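Each chain, letter by letter, is given below.
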Amino acid sequence: MKYRIILASGSPRRREILTQIGAEYEVVVSDCDETTSCTEPSELVKELSNKKAAAVAESVQGPAVIIGADTVVAYDKVILGKPKDRADAKRMLTLLSGQIHQVYTGVSLMIKEENGEERIIIFDECSEVEVETLTDRQTEEYLNTEEGTDKAGSYAVQGIFAAHIKGIKGDYYNIVGLPVAGIYRRLYEIGIDLRTGEKI
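Please read these numbers as outputs of a predicted model, since none were measured by experiment.

What counts, and at which threshold
- Residues numbered from 1 in each chain as written.
- Predicted model: local features only at pLDDT ≥ 70, side-chain atom pairs only at ≥ 80, totals over all residues.
- Heavy atoms only, no water.
- Salt bridge = Lys/Arg side-chain N within 4 Å of Asp/Glu carboxyl O.
- Helix = DSSP H or I, 4+ residues; strand = E, 2+ residues; numbered from the N terminus.
- Buried < 20%, exposed > 50% of the residue type's maximum accessible area, 1.4 Å probe, protein only.
- Core = buried A, V, L, I, M, F, W, Y, C linked by side-chain atoms within 4.5 Å.
- Contact = heavy atoms within 4.5 Å.
- 1 Å grid on protein atoms, 1.4 Å probe; cavity = no way out; pocket = protein on both sides within 12 Å on 5 of 7 lines; lining within 4 Å.
- Points joined across faces, edges and corners; volume = space filled by probe spheres on them.
- Nonpolar A, V, L, I, M, F, W, Y, C, P; charged D, E, K, R; others polar.

> Where do I start with the pattern of salt bridges in this structure?
Side chains that differ in charge, positive against negative, can pair when their charged atoms come close. Within this structure, the stated rule accounts for 15 salt bridges. We note a salt bridge from Glu26 to Arg4, for which the minimum N-O separation is 2.8 Å. Here Arg4 lies in strand E1 (residues 4–7) and Glu26 lies in strand E2 (residues 26–27), a separation of 22 residues in the sequence. The partly exposed category is assigned to Arg4, whose relative accessible area is 33%. Salt-bridge contacts for Lys84 lead to Asp88; the nearest nitrogen and oxygen are separated by 3.8 Å. On the basis of relative accessible area, Lys84 is assigned to the exposed category, the value being 73%. For Asp88, a relative accessible area of 9% gives the class buried.

And the structure:
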């Protein structure tokens with residue numbers, strides 16, 4: 001038996017990670033409402049990842065694994081989302097400069113069986129990122145690249161901002177947006193190969 005592997009996200013970074021490991025997958029973007037009253041980073045990402053997976057699962061028939069994911073940056077337990085504008089992006093970069101912050105990704109794996117049964121695995125991973133102390137000029141130069149305009153925390157660890165990353169503790173791919181090793185391991189433990197969708 002083979003499961004369809006469905007990524008419930010339009011993120012090009014998440015697609016790149018699945019492609020990198022050779023996964024056979026398809027993308028179905030979730031249109032769910034992402035408003036939440038939750039302010040605790042690990043709970044928030046789990047809640048939103050679950051919403052995304054559930055919204056896509058409704059329209060999926062037959063055996064499938066639907067992967068929902070949500071990533072936030074947090075500093076001192078305060079969530080930093082995508083910047084509203086340049087001033088907001090500068091505020092975030094100034095906050096992160098010379099500091100260690102956390103990146104949380106919540107993942108929901110919604111597994112649909114051939115007999116119609118469903119089960120779900122929800123988890124989150126946290127990685128720590130240490131940013132070099134940025135000068136005003138470095139901050140302005142990075143803002144000019146506009147790389148971080150659609151990124152949580154106003155930066156992309158896999159892009160130009162790599163020049164300012166002093167250290168990482170934990171899963172690098174979690175910071176990019178998909179803790180793929182954690183997903184692979186959890187599915188393998190229950191007899192599903194993430195790369196092929198085959199029953200092990």
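Okay, back to it.
> Mind showing me how you'd approach the nonpolar core here?
The nonpolar side chains of soluble globular proteins are, as a tendency, buried together. Among the nonpolar cores identified, the biggest contains 40 residues, and Val65, Ile67, Tyr155, Phe161, Ile183, Leu187 and Leu194 are the most heavily contacted of them. Broken down by element, this core gets its largest block of residues, five residues, from strand E3 (residues 64–75). Here Ile183 is in contact with Ile67, Val107, Leu109, Phe123, Leu178 and Leu194, once residues within four sequence places are set aside. With nine residues, the next largest nonpolar core counts Ile6, Ala8, Ala53 and Ala57 among its residues.

> Would you mind going over the layout of surface pockets with me for this structure?
Empty space among the atoms can be located by rolling a probe the size of a water molecule over them. Space inside the largest pocket adds up to approximately 690 Å³. Around the largest pocket sit 30 residues that line it, and Arg14, Thr71, Lys82, Asp150 and Ala152 are the ones nearest its centre. Counting only elements with at least two residues in the lining of the largest pocket, the list comes to helix H1 (12–20), helix H2 (41–57), E3, strand E4 (78–80) and helix H5 (172–176). For the lining of the largest pocket, the residue count by class is 14 nonpolar, eight polar and eight charged. The space that makes up the second largest pocket amounts to roughly 150 Å³. What lines the second largest pocket is simply Pro83, Lys84, Asp85, Arg86, Ala89, Tyr142, Leu143, Glu146, Gly148, Thr149 and Ser154. Only helix H3 (86–96) and helix H4 (136–145) provide two or more residues apiece to the lining of the second largest pocket. Residues of the lining of the second largest pocket, tallied by class, amount to four nonpolar, three polar and four charged.

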